[in-house]
Amino acid sequence: MIIVTNPDLSWISGRLSSDDLHVLDRVNIQVSSQRSITLTHLLASWKAHVEKLEADLSLSSSDRSAWGVHDLIAALIIRDSIQDGMGALDAALGSRIEKLLSKIDKLFISFTEPDALLRLEKVDGRPRGECGWWWKRIPVAGPAREEAILYSGLN
C-alpha cells in the first residue's frame, strides 16, 4: 500500500479545530503487522490516491507514470482503513469527518461506475466479508480500468 508520507493536510486543518486534529492524530490504524498510520494521514492518502487516479483517466497503459489496478486496490484498502478508524471517533467528530470524507468519495464516484462483476475483489483475491461500496466501482477509463478487466478475466 502506498501511503502519502508528506501529505497536504491544509484541506483538513482548514476545516477542523486543533482539538479535532489532535484526536485524529491519536487514532492509529494498523495497516500491516509492523506499521500503523494515523487517521489524519489515511484521509490525506485517500484524497491523494483519488486525485491521482482521476488524473490518470486519460493516460495510456504504456505511460509509465500511470497507476494501475494494484494502485487502485491500495486506494480501496486505505478507504477500508479509514472506515475502520471512524469507529474510534465520537459521534460529533465522526460527523465532521464524514463531511470531509464525502467530498473525496464524491470525486471517486464521479469518475467510476458500478461494477456488478466485482472485478477489483477478484483481482485482490483476498476473502472478504461485506465490503464497502468503493469496492463495487471501477474507473470509467484509464490504465487501472484496463488492468482490472484484464487481470480479473471478466470482460
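For clarity, every value in this text was computed on a predicted model and none was experimentally measured. (Residues numbered from 1 in each chain as written. Predicted model: local features only at pLDDT ≥ 70, side-chain atom pairs only at ≥ 80, totals over all residues. Heavy atoms only, no water.)

A. Expanded view of the nonpolar core. Judged by nonpolar contacts, the single largest core of 40 residues is most densely connected at Leu43, Trp46, Ile82 and Ile97. The dominant element in this core, judged by the number of residues it contributes, is helix H4 (residues 69–86), at nine residues. Beyond its immediate chain neighbours, meaning those up to four positions away, Trp46 contacts Ala75, Leu76, Ile78, Arg79, Ile82, Leu101, Ile104, Asp105 and Phe108. (Core = buried A, V, L, I, M, F, W, Y, C linked by side-chain atoms within 4.5 Å. Buried < 20%, exposed > 50% of the residue type's maximum accessible area, 1.4 Å probe, protein only. Helix = DSSP H or I, 4+ residues; strand = E, 2+ residues; numbered from the N terminus. Contact = heavy atoms within 4.5 Å.)

B. Empty space enclosed by the protein, seen in detail. Inspection of the entire model under this criterion finds one cavity of 30 Å³ or more. Reported here for the largest cavity is a volume of approximately 50 Å³. Lining the largest cavity are Leu53, Asp56, Leu57, Trp67, Phe111, Pro139, Ala141, Gly142, Pro143 and Ala144. Partitioning the lining of the largest cavity into residue classes produces eight nonpolar, one polar and one charged. (1 Å grid on protein atoms, 1.4 Å probe; cavity = no way out; pocket = protein on both sides within 12 Å on 5 of 7 lines; lining within 4 Å. Points joined across faces, edges and corners; volume = space filled by probe spheres on them. Nonpolar A, V, L, I, M, F, W, Y, C, P; charged D, E, K, R; others polar.)

C. Structural context of the side chain of Arg137. Among the structural elements, Arg137 can be located in strand E4 (residues 137–139). For the buried Arg137, no salt bridge exists, and the shortest N-O distance to an oppositely charged side chain is 7.4 Å, to Glu113. A distance of 2.7 Å separates a polar atom in the side chain of Arg137 from a polar atom in the side chain of Thr112. With residues near it in sequence (within four places) discarded, Arg137 still touches Phe108, Ile109, Thr112, Glu113, Pro114, Asp115 and Leu120. (Lys, Arg positive; Asp, Glu negative; His and termini not counted. Salt bridge = Lys/Arg side-chain N within 4 Å of Asp/Glu carboxyl O. Polar contact = N/O pair within 3.5 Å; in protein donor to acceptor, adjacent residues only side chain to side chain.)

D. Structural detail: the pattern of salt bridges. Evaluation of the coordinates by the stated rule reveals eight salt bridges. A salt bridge links Asp105 to Arg79; the nearest nitrogen and oxygen atoms lie 2.9 Å apart. You can see Asp105 sitting in helix H5 (residues 91–110) and its partner Arg79 sitting in helix H4, a full 26 residues away along the chain. Pair check on accessibility: Asp105 and Arg79 agree, each one buried. Measuring nitrogen to oxygen at the nearest pair gives 2.7 Å for the salt bridge that ties Asp115 to Arg119. Judged by relative accessible area, Asp115 falls into the buried class, the value being 3%.

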